[in-house]
Amino acid sequence: MPTVVVTGANRSLGLEFCRQYAAERWSVIATCRAPAQASALEGLGVEVFPLDTSDVAQADALAATLAGRPVDLLLNNAGVMGDKTKSAFDADLDAWQTAFRINALGPAIVTRALLPNLQLTEAPVAATMGSQAGIYDRMQSAELAIYRSTKAAAHAVTISLAHALKDRGVIYLSLRPGRTKTDMTGPDADYEAEDSVRLMRSVLANVKPEWAGKFVDRSGVVYPYGGGFQGYSSV
Ligand SMILES: NC(=O)c1ccc[n+]([C@@H]2O[C@H](COP(=O)([O-])OP(=O)(O)OC[C@H]3O[C@@H](n4cnc5c(N)ncnc54)[C@H](OP(=O)(O)O)[C@@H]3O)[C@@H](O)[C@H]2O)c1
């Protein structure tokens, strides 16, 4: 039975990943900031552990709890939007810094902690939820400064992790869910979480070594991080 670790698992895309992998009889290790309040995870047959992904001590504590357990797949899903109305001129700097720590550093913090678990499996894969918001030629206005800049940084961290992990046998990539209806985006987004997660699971089940470091769309198309790609969807 393969094992997946999901961060930010208590709601939205993270919860849906847990639901679908549990239904496929994977061993699911769901992590979230407040397990006592993660009622949506109850009854899914998943294990729940505390993890604020911006907190190195919590990541190390999780690693200690999971010592010796193989992890086939790590989904660095936890993320924050920040105030989407704010530009680089008026965004709250503390909130911006916090978002950097969660969106960009969080995947590195968690991956560093759980690398020994990933290395216990035959073909380990790990991924960050990337975003088209972090693609440079899509940044055509002042607002969304926090989300755009921190997701662009997250993409850069993916590339660095991928290079560092190649020799360690781990394929690390960025995934693009597409604009999916969640607490982050609201009901006007384009896709249902169930469909986006199903498609991303299919991408993950068919990961190619050449996708290491790349930004792979839910349909398996590789998007350039900088832009200039004609095949973008409208979202
Ligand atoms: N939805 C989309 O269309 C879309 C598109 C592209 C990329 N993404 C990315 O996909 C990921 C999930 O998005 P979503 O739409 O599901 O977002 P969401 O509805 O806002 O849910 C975010 C999840 O991340 C958790 N989280 C935030 N900060 C955390 C931290 N420091 N430690 C642990 N958990 C933390 C939240 O937990 P709490 O309940 O504790 O706040 C929540 O479970 C994000 O990285 C997002 O940027 C989403």
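Residues numbered from 1 in each chain as written. Predicted model: local features only at pLDDT ≥ 70, side-chain atom pairs only at ≥ 80, totals over all residues. Heavy atoms only, no water.

Enumeration according to the criterion identifies seven salt bridges in this entry. We note a salt bridge from Asp183 to Arg11, for which the minimum N-O separation is 2.9 Å. Taken together, the positions of Asp183 in the loop between strand 6 (171-176) and helix 5 (193-205) and Arg11 in the loop between strand 1 (3-6) and helix 1 (12-23) put the pair 172 residues apart, joining distant regions of the chain. Residue Arg11 is classed as partly exposed on the basis of its relative accessible area, which comes to 44%. The residue Arg69 makes a salt bridge to Glu47 at a minimum N-O spacing of 2.9 Å. Of this pair, Arg69 sits in the loop between helix 2 (56-65) and strand 4 (73-76) while Glu47 sits in strand 3 (residues 47-50); the two residues are 22 residues apart in sequence, bridging distant segments of the chain. Under the relative-accessibility criterion, Glu47 is labelled partly exposed at 31%. (Salt bridge = Lys/Arg side-chain N within 4 Å of Asp/Glu carboxyl O. Helix = DSSP H or I, 4+ residues; strand = E, 2+ residues; numbered from the N terminus. Buried < 20%, exposed > 50% of the residue type's maximum accessible area, 1.4 Å probe, protein only.)

Another aspect to go through is the packing of helix 3 (residues 93-118) against helix 4 (residues 145-166). Closest axis-to-axis distance for the helix 3/helix 4 pair is 8 Å, and the angle between their directions is 20°. As judged from the angle between their axes, helix 3 and helix 4 are roughly parallel. Remark: the crossing between helix 3 and helix 4 carries right-handed chirality. Side by side, helix 3 and helix 4 meet where Trp96, Ala99, Phe100, Asn103, Ala104, Pro107, Ala108, Thr111 and Leu115 of the first sit next to Ala145, Ile146, Tyr147, Ser149, Thr150, Lys151, Ala153, Ala154, Val157, Leu161 and Leu165 of the second. (Axes fitted to C-alpha atoms, helices over the stretch in contact; angles between N-to-C directions. Parallel < 35°, antiparallel > 145°, perpendicular 65-115°, else oblique. Left-handed = near helix turned anticlockwise from the far one by under 90°. Contact = heavy atoms within 4.5 Å.)

Turning to the environment of Ile109, a few remarks are in order. Tracing the backbone shows Ile109 in helix 3. For Ile109 and Thr53, which are 56 residues apart along the polypeptide, the C-alpha to C-alpha distance reads 6.9 Å. Apart from residues lying up to four places away in sequence, Ile109 is in contact with Thr53, Ser54, Asp55, Val56, Ala59 and Arg101.

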